[in-house]
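# Working through the structure, step by step
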Amino acid sequence: MLGDTAPFRIAGNLYFVGTHAKSCHVLATSRGLIMIDSGGIDTVDAILGSLGTLGFSPSDVKIILLSHGHPDHAGGAGRLREITGAEIYMGEDDLKYVGFVPDHFLSDGDEIALGDTVVSCLFTPGHTEGTFSFFFNLVENGMTYRAGMFGGSGGNQLKKPYMNRPDRRVSYLMRGAFFKTLDRLEEEHVDIMIGNHTWQNDQDRKYERMFDSPENPFIDPTEWQKHLDKTREAMQAIIREESKTEFVNYAHRGASETRPENTMTAFYEGVALGANGIETDVQMTLDGVPVLFHDDALLRVTGEPGSIGDYTLAELRKFTVKKDGMVDRIPTLEEFLAAFSWRDITFAIELKGEGAEQAVADLVYRYGVDCKCVVTSFVLERLRRIRAIAPGLRTGWLKKDFADEDLRAMEAAGVDELCPRAENVTPERVEEWHARGFNVRPWAVTDDELMRSAYAAGVDGMTVNFPDRLAALTGK
Ligand SMILES: [Zn+2]
């Protein structure tokens, strides 16, 4: 079976054998073929056909290098290995995307050699957690050119609706990794840019020009940098756009300006006022039940002595939470999730007291809100603990302000939401935090002016006591 794209020699010993939508290249070395990306399971026959057209046989393929684990790049690798006997190399962090076990995991800086050809492999995460980019020399008319393939330059997989999918669960920090990858790839000199997809290096148009131009159109030392610039701008545009389209208006302890805070009354009112997120606080009762309550002491909102941990749930049920003549009782986290988990809203659950991590993780998964929930705390250690229990959960660090060492601590702990006081938010800082991959959600938005300035600065969400005014501002 033939594919939709004729196989051809790009330059030196590099050939294109893929289809328009699914790229596959081979380097013809003195000891067989190195294949770069395998295309999908649906293009295996087309690739074998193209190899045959060029005079290669399947058993010539000795090595299959995979840029990343997405099905259009790696989906055919398992089948091609069966047919060719080649060995598969890929990044270990992409194992979750593929249905086979590779023969080797790549490490940053690996040089994969076969015969007279060496491919340098750079770890360039972002598009996926385990993306690798490949560089090698091509000799054309006695001149040596450096060829390079960016293993994953598409930004669509770094959009929030994709990253939050239950089958994906990609950390927002991958956006930071993506920008770091771009910085690193800028240091590579590339004369011939190889497309990870045919449209990335304008392959079709170059192919047409190839036969009537004396110069090989694939040789263009300016193209690499242009592609990196375009890729960076596209990612920045996605983040800017999503700060509006995916913005989350969190009702702080529910609509706590007008209702008894952290009660079902306040949560329902928050949603009624236009919030598309609810922020609440969890503490453990004496008998180990997670309930929603903010203060260390019961006094301010219930008038009772002591604190949550001094009482059993049954005892706490007798107390009332008061606000302007309205009363409600202290709800459990489970009651809250039972009432709201099915709604199209995001949850910010703050670990207030000690020892709530396991109970929160269990309930978040039991009610299926793990992909639309961020667990937060002022205490980084609590976030480390919940990540150890449930590594797939998003976490956010609440802090007055963030120094560079704080950002590094968050990256190391995998904490991907940064929650500063609203007064410390500026457009420049939001841009810097976004470039590191953090989702930015300010708190202590005490008045309309702070709300407006934070929103204009491009934050991704906000915690407010007055969701109606924020909804009016965002038009959502
Ligand atoms: Zn991909």
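Residues numbered from 1 in each chain as written. Predicted model: local features only at pLDDT ≥ 70, side-chain atom pairs only at ≥ 80, totals over all residues.

## What about the domain arrangement of the chain?
Parsing the chain into structural domains produces domain 1 (8-242) and domain 2 (247-474). The gap between the C-alpha centroids of domain 1 and domain 2 is 42 Å. Each partner contributes to the interface: domain 1 provides 14 residues, whereas domain 2 provides 13 residues. Within the residue set of the side of domain 1 that touches domain 2, elements represented by two or more residues are helix 5 (173-185) and helix 7 (223-245). Broken down by element, the residue count for the side of domain 1 that touches domain 2 peaks at six residues, all from helix 5. In terms of residue class, the side of domain 1 that touches domain 2 is made up of seven nonpolar, three polar and four charged. (Domains from an automatic or database assignment. Contact = placed C-beta atoms within 7 Å. Helix = DSSP H or I, 4+ residues; strand = E, 2+ residues; numbered from the N terminus. Nonpolar A, V, L, I, M, F, W, Y, C, P; charged D, E, K, R; others polar.)

## Thoughts on unusual backbone geometry
If you check the backbone angles, Asp 37 has positive phi at about 65 degrees while not being a glycine. Mapped onto the elements of the fold, Asp 37 is located in the loop between strand 4 (32-36) and helix 1 (44-53). For Asp 37, a count of 29 C-beta atoms within 10 Å gives the class buried. Its identity is not glycine, yet Asn 262 carries a phi of approximately 55 degrees, on the positive side. If you trace the backbone, Asn 262 turns up in the loop between strand 13 (248-252) and helix 8 (264-272). What makes Asn 262 buried here is the crowd of 29 C-beta atoms within 10 Å. (Buried ≥ 20, exposed ≤ 12 C-beta atoms within 10 Å, placed from the backbone.)

## Description of the sheet that holds strand 12 (residues 192-193)
Spatially, 8-9-10-11-12 is the arrangement adopted by the five strands of the open sheet, whose pairing is mixed. The outermost strands of the open sheet, each flanked by one partner alone, are strand 8 (110-114) and strand 12. Note: strand 11 (residues 143-149) against strand 12, two bridges, orientation parallel. Each bridged residue has a counterpart across the sheet, and for Ala 147 the counterpart in strand 12 is Ile 192. (Pairing = 2+ DSSP bridges.)

## Quick word on the environment of Met 143
You can see Met 143 is positioned in strand 11. On the basis of neighbour count, Met 143 is assigned to the exposed category, with 11 C-beta atoms found within 10 Å. For the pair formed by Met 143 and Gly 12, sequence separation is 131 residues and the distance between their alpha carbons is 9.5 Å.

## Describing the packing of helix 16 (residues 448-456) against helix 17 (residues 467-474)
Here helix 16 crosses helix 17 at 40 degrees, and the two axes come no closer than 11 Å. As summarised for this structure, helix 16 and helix 17 are arranged oblique, according to the angle between their axes. Handedness of the crossing formed by helix 16 with helix 17: right-handed. Mapping the contact onto sequence places Asp 448, Met 451, Arg 452 and Tyr 455 in helix 16 and Arg 469, Leu 470, Leu 473 and Thr 474 in helix 17. Classifying every residue of the contact of helix 16 with helix 17 by side-chain character gives four nonpolar, one polar and three charged. (Axes fitted to C-alpha atoms, helices over the stretch in contact; angles between N-to-C directions. Parallel < 35°, antiparallel > 145°, perpendicular 65-115°, else oblique. Left-handed = near helix turned anticlockwise from the far one by under 90°.)

## Looking at helix 8
The set of residues buried in helix 8 consists of Thr 265, Ala 266, Phe 267, Glu 269 and Gly 270. Those residues of helix 8 that are buried lie in contact with strand 13, strand 14 (277-284), strand 17 (326-328), helix 11 (333-340) and helix 17. Just beyond helix 8, the residue with positive phi is Gly 274, at close to 105 degrees.

## Here's the deal with the pairing of strand 1 (residues 8-11)
Alignment of strand 1 against strand 2 (residues 14-16), held across three bridges, turns out to be antiparallel. For Phe 8, the partnering residue across the bridge sits in strand 2 and is Phe 16. Here strand 1 hands over to strand 2 after two residues, with Gly 12 in that stretch at a positive phi of 50 degrees.

## Observations regarding helix 15 (residues 427-435)
Since there are 3.6 residues in each turn of an α-helix, residues three or four apart along the chain are aligned in direction. Among the residues of helix 15, Val 430, Trp 433 and His 434 are the ones counted as buried. Buried residues of helix 15, seen end-on, are gathered within an arc of 100 degrees and therefore sit on one face of the element. Buried positions along helix 15 lie against helix 7, strand 21 (417-419) and strand 22 (439-440). Looking one or two residues past helix 15, Gly 437 carries a phi angle of roughly 100 degrees, positive in sign. (Arc of directions from axis to C-beta.)

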